[in-house]
Amino acid sequence: MTRPITIAGISGSLRQGSFNTAALQAAAELAPDKVTVNLLTLHDIEPFSEDTEAEGWPDGVAALREKVAPADGVLFATPEYNYSIPGVLKNAIDWLSRPTGQGPITGKPAAIIGASPSPFGTARAQAHLRQVVFYNAMPLLPYDEVLVMKAGNKIEDGRLVDEESRDFVKELMADFADWVRLHTERKAA
């Protein structure tokens, strides 16, 4: 019997009407049975500082950590800003990686998607995010990439409507569910 899994879906965009939040919503809709994707945004996350960390987790950070900790895996949705990931996403990952080697993302299986108005999608941002994920010992789904290019033509009213893109997301979610189960079972053994 297939056991249920929970995915923390983290949108790296703060924009109202975000293409990346829409991509995460599509991932939640298209996930296989017994897979729940909890969508998380980063609006209340203050800039990382070791001084602040020494005083205790700020409320927004504590809430994010509490939502990510029980998840079986993490699905990052990243825009591309200046050929890289947005500062808000990197900042959240910095908070989620603390203390080093023991944060709530450490060792969790991960996958990456991205949506952009660009004809190149988020390929460069995803390449940079892979480095950050690697540092946090997160087994990254190696072969599925979802790059929703020219997203303004594929997302309407906050919903991914392009069937080809939806097929890519659906395939990614099926593969990611298998990936998460593989790694959580291996870790439990």
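Residues numbered from 1 in each chain as written. Predicted model: local features only at pLDDT ≥ 70, side-chain atom pairs only at ≥ 80, totals over all residues. Heavy atoms only, no water.

(A) Just the nonpolar core, in detail. Counting 30 residues, the largest nonpolar core has I7, L75, I113, V169, L172, M173 and F176 as the members making the most contacts within it. When contributions to this core are tallied by element, the ones reaching two or more residues are β1 (5-11), α1 (19-30), β2 (35-40), β3 (73-77), β4 (110-115), β5 (146-148) and α6 (163-188). Once residues lying within four places of it in the same chain are set aside, the contact partners of V169 are A26, A27, L30, V146 and L160. Of all hydrophobic cores here, the second largest spans 27 residues; its members include I10, L42, I105 and V132. (Core = buried A, V, L, I, M, F, W, Y, C linked by side-chain atoms within 4.5 Å. Buried < 20%, exposed > 50% of the residue type's maximum accessible area, 1.4 Å probe, protein only. Helix = DSSP H or I, 4+ residues; strand = E, 2+ residues; numbered from the N terminus. Contact = heavy atoms within 4.5 Å.)

(B) Fine view of the packing of α1 against α6. Where α1 contacts α6, the two axes come as close as 9 Å, and the packing angle between them is 60 degrees. The angle between the axes of α1 and α6 places the two elements in the oblique class. Handedness of the α1/α6 crossing: right-handed. Only R166, V169, K170 and M173 of α6 make contact with α1, whose side of the interface consists of A26, A27, E29 and L30. Broken down by class, the residue content of the contact of α1 with α6 amounts to 5 nonpolar, no polar and 3 charged. (Axes fitted to C-alpha atoms, helices over the stretch in contact; angles between N-to-C directions. Parallel < 35°, antiparallel > 145°, perpendicular 65-115°, else oblique. Left-handed = near helix turned anticlockwise from the far one by under 90°. Nonpolar A, V, L, I, M, F, W, Y, C, P; charged D, E, K, R; others polar.)

(C) Local environment of the packing of helix α3 (residues 59-68) against helix α4 (residues 87-96). At a minimum axis distance of 10 Å, the contact between α3 and α4 shows a crossing angle of 75 degrees. The angle between the axes of α3 and α4 places the two elements in the roughly perpendicular class. Residues V61, L64, R65 and V68 of α3 pack against A92, W95 and L96 of α4.

(D) Highlighting the layout of surface pockets. Counted as a void, the largest pocket has a volume near 160 Å³. Lining the largest pocket are A71, D72, T106, G107, K108, P109, P139, H183, T184 and K187. Here the lining of the largest pocket is built from residues that sort into 3 nonpolar, 4 polar and 3 charged. (1 Å grid on protein atoms, 1.4 Å probe; cavity = no way out; pocket = protein on both sides within 12 Å on 5 of 7 lines; lining within 4 Å. Points joined across faces, edges and corners; volume = space filled by probe spheres on them.)

(E) Summary view of the side chain of R65. On the secondary structure map, R65 appears in helix α3. It is E53 that comes nearest to the buried, bridge-free R65 among opposite-charge side chains, at 6.5 Å. Here the side chain of R65 touches R98 through a polar contact of 2.9 Å, landing on its backbone oxygen. Here R65 is in contact with W57, W95, L96, R98, P99 and P104, once residues within four sequence places are set aside. (Lys, Arg positive; Asp, Glu negative; His and termini not counted. Salt bridge = Lys/Arg side-chain N within 4 Å of Asp/Glu carboxyl O. Polar contact = N/O pair within 3.5 Å; in protein donor to acceptor, adjacent residues only side chain to side chain.)

(F) Layout of the packing of aromatic side chains. For the coordinates displayed, the defined rule picks out 2 aromatic pairs. Seen in terms of ring centroids, F48 and W95 are 4.8 Å apart; in terms of plane orientation they differ by 75 degrees. Their pairing is edge-to-face. Of this pair, F48 sits in the loop between β2 and α2 (50-55) while W95 is found in helix α4, placing the two residues 47 residues apart along the sequence. Centre to centre, the rings of W57 and W95 are 6.0 Å apart; their planes meet at 75 degrees, and the pair counts as edge-to-face. Highlighted residues: W57 in the loop between α2 and α3 and W95 in helix α4, separated in sequence by 38 residues. Between the NZ or CZ atom of R65 and the centre of the ring of W57, over which it lies, the distance is 3.7 Å. (Phe/Tyr/Trp six-rings, centres within 6.5 Å; stacked < 30°, edge-to-face > 60°. Lys NZ or Arg CZ within 6 Å of the ring centre and 35° of its normal.)

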